[in-house]
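Spelled out, the chains give:
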Amino acid sequence: MPAPSPQPPQRVDGRTARSERTRAAIVEAHVTLLREGDLRPTADRIAKRAGVSLRALWSHFADMEALFAASGQLTLDQRDDLHEPIPTDLPLERRIDLYCHQRARQLEQIAPVAKASSLKEPFSPALQSYRRIHIQRVRDELRTLFAAEIAGDEELLNALTAAAMWPTWGTLRDAMGLDPAAARTALARIVRSTLSR
């Protein structure tokens with residue numbers, strides 16, 4: 001039986017490539033505006049930042065909910081780009097230190113997006129979905145990194161997860177006015193105290 005002939009490489013036509021670039025530019029513009037402190041960017045401002053027409057924006061996204069979903073995915077992807085697995089065989093104090101340094105960097109990066117999302121999340125299934133995904137990722141990392149200390153204690157894992165989420169960081173940074181280093185020190189103390197049961 002003759003060997004199957006190799007498949008020709010898939011070609012992306014110019015129109016498809018332009019469409020993908022436009023879509024990516026719109027999502028990036030939305031996230032950039034959020035990071036700059038524009039917590040409720042209008043479709044018009046997003047289109048202008050992306051360098052596209054309002055018509056082009058609506059041809060790529062049926063509504064703002066669809067844009068929220070795409071922006072949520074980009075934020076998760078960017079969070080993953082910052083993430084480096086921490087060896088689980090390190091001493092506990094070293095694991096806490098590395099985790100809190102990395103988590104603080106991540107929380108600082110997503111801070112403006114998290115603030116904007118908190119305004120819209122009660123009314124947005126897309127943002128609610130991404131919040132659940134994000135919580136699960138944080139939870140899974142904690143469960144793995146501190147497996148020996150957690151030892152199947154779901155209440156302990158719940159407490160650690162709450163400490164590591166944006167609302168706690170927002171309280172430290174915004175409500176209490178701590179700088180990033182002081183907020184990170186406080187986070188490490190919370191994690192250390194929670195694990196020292």
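Look up: the structure comes first, before these words.
Quick summary incoming for the structure in this document. (Residues numbered from 1 in each chain as written. Predicted model: local features only at pLDDT ≥ 70, side-chain atom pairs only at ≥ 80, totals over all residues. Heavy atoms only, no water.)

### Details of the pattern of salt bridges
Opposite charge on two side chains lets them pair, provided their charged atoms get close. To be explicit about the condition: What makes a salt bridge here is a side-chain nitrogen of Lys or Arg within 4 Å of a carboxyl oxygen of Asp or Glu, nothing more. Helix and strand assignments come from DSSP, with helices taken as H or I runs of at least 4 residues and strands as E runs of at least 2, each series counted from the N terminus. Any residue under 20% of the maximum accessible area for its type is buried, any over 50% is exposed, and the rest in between are partly exposed; the area is computed with a 1.4 Å probe on protein chains only.
If you walk through the whole model with that rule in mind, you get 11 salt bridges. Measuring nitrogen to oxygen at the nearest pair gives 3.2 Å for the salt bridge that ties Asp97 to Arg94. Residue Asp97 and its partner Arg94 are both found in helix 5 (residues 92–120); the two are separated by 3 residues, about one turn of the helix. A residue is classified by how much of its surface remains accessible, and Asp97, at 31% relative accessible area, is partly exposed. For Arg94, a relative accessible area of 41% translates into the label partly exposed. Between Arg95 and Glu149 there is a salt bridge, with its nearest N and O atoms 2.8 Å apart. Of this pair, Arg95 sits in helix 5 while Glu149 is found in helix 7 (residues 147–150), placing the two residues 54 residues apart along the sequence.

### Digging into unusual backbone geometry
In terms of backbone geometry, most residues other than glycine have negative phi values and most peptide bonds are trans. The backbone of Ala151 shows a phi angle near 45°, a positive value even though the residue is not glycine. With respect to the element layout, Ala151 can be found in the loop between helix 7 and helix 8 (154–164). Judged by relative accessible area, which is 59%, Ala151 ranks as exposed.

### Some words on the packing of helix 5 against helix 6 (residues 125–145)
Heads up, the condition is: The convention used is that axes are lines fitted to C-alpha atoms, helices contributing only their stretch in contact, and that angles between N-to-C directions extend from 0 to 180 degrees. Angles below 35 degrees are treated as roughly parallel, those above 145 as roughly antiparallel, those between 65 and 115 as roughly perpendicular, and all remaining angles as oblique. Contacts are residue-level and defined by heavy atoms, with any inter-residue pair within 4.5 Å sufficient. Under the scheme applied here, ten amino acids are nonpolar (Ala, Val, Leu, Ile, Met, Phe, Trp, Tyr, Cys and Pro), four are charged (Asp, Glu, Lys and Arg), and all others, including Gly, are polar.
For the pair helix 5 and helix 6, interaxial distance at closest approach is 13 Å and the crossing angle is 170°. Judged by the angle between their axes, helix 5 and helix 6 are roughly antiparallel. For the pair helix 5 and helix 6, the contacting residues are Arg95, Tyr99, Gln102, Arg103, Ile110, Ser117 and Lys120 in the first and Leu127, His134, Val138, Glu141, Leu142 and Leu145 in the second. For the contact of helix 5 with helix 6, a count of residues per class yields 6 nonpolar, 3 polar and 4 charged.

### Observations regarding the nonpolar core
Operational definition: Nonpolar core, defined: a set of buried Ala, Val, Leu, Ile, Met, Phe, Trp, Tyr and Cys residues in which side-chain atoms within 4.5 Å join the residues together.
Judged by nonpolar contacts, the single largest core of 27 residues is most densely connected at Tyr99, Leu142, Phe146, Trp169 and Val191. For this core, the secondary-structure elements that each account for two or more residues are helix 5, helix 6, helix 8, helix 9 (166–175) and helix 10 (180–195). Apart from the residues lying within four places of it in its own chain, the contact partners of Leu142 are Tyr99, Ala147, Ile150, Leu157, Leu160, Thr161 and Ala164. Residues Ala29, Ala43, Ala47 and Phe61 belong to the second largest nonpolar core, which totals 19 residues.

### Quick look at the packing of helix 5 against helix 10
We count it as follows: The hand of a helix crossing depends on one turn: near helix anticlockwise from the far one by less than a right angle means left-handed, and clockwise means right-handed.
Orientation of helix 5 relative to helix 10, taken along the N-to-C sense of each, is 135°, at an axis distance of 9 Å. Here helix 5 is positioned oblique relative to helix 10, judged by the angle of their axes. As helix 5 packs across helix 10, the resulting crossing turns out to be right-handed. Listed contacts from helix 10 to Leu92, Glu93, Ile96, Cys100, His101, Arg103, Ala104 and Glu108 of helix 5 are Pro180, Arg184, Leu187, Ala188, Val191, Arg192 and Leu195. Looking at the contact of helix 5 with helix 10 residue by residue, the classes come out as 9 nonpolar, 1 polar and 5 charged.

### Considering helix 9
Worth spelling out the cut-off: Think of the arc as the fan of directions from the helix axis to the C-beta atoms.
Of all the positions in helix 9, only Trp166, Trp169, Gly170 and Leu172 are classed as buried. Buried residues of helix 9 fall within an arc of 165° about the axis and therefore sit on the same side. Elements that come into contact with the buried residues of helix 9 comprise helix 5, helix 8 and helix 10.

### Observations regarding the side chain of His134
For His134, the position within the fold is in helix 6. Owing to a relative accessible area of 10%, His134 belongs among the buried residues under this scheme. Beyond its immediate stretch of four places on either side in the chain, His134 contacts Leu76, Arg79, Arg103, Ile110 and Met165.

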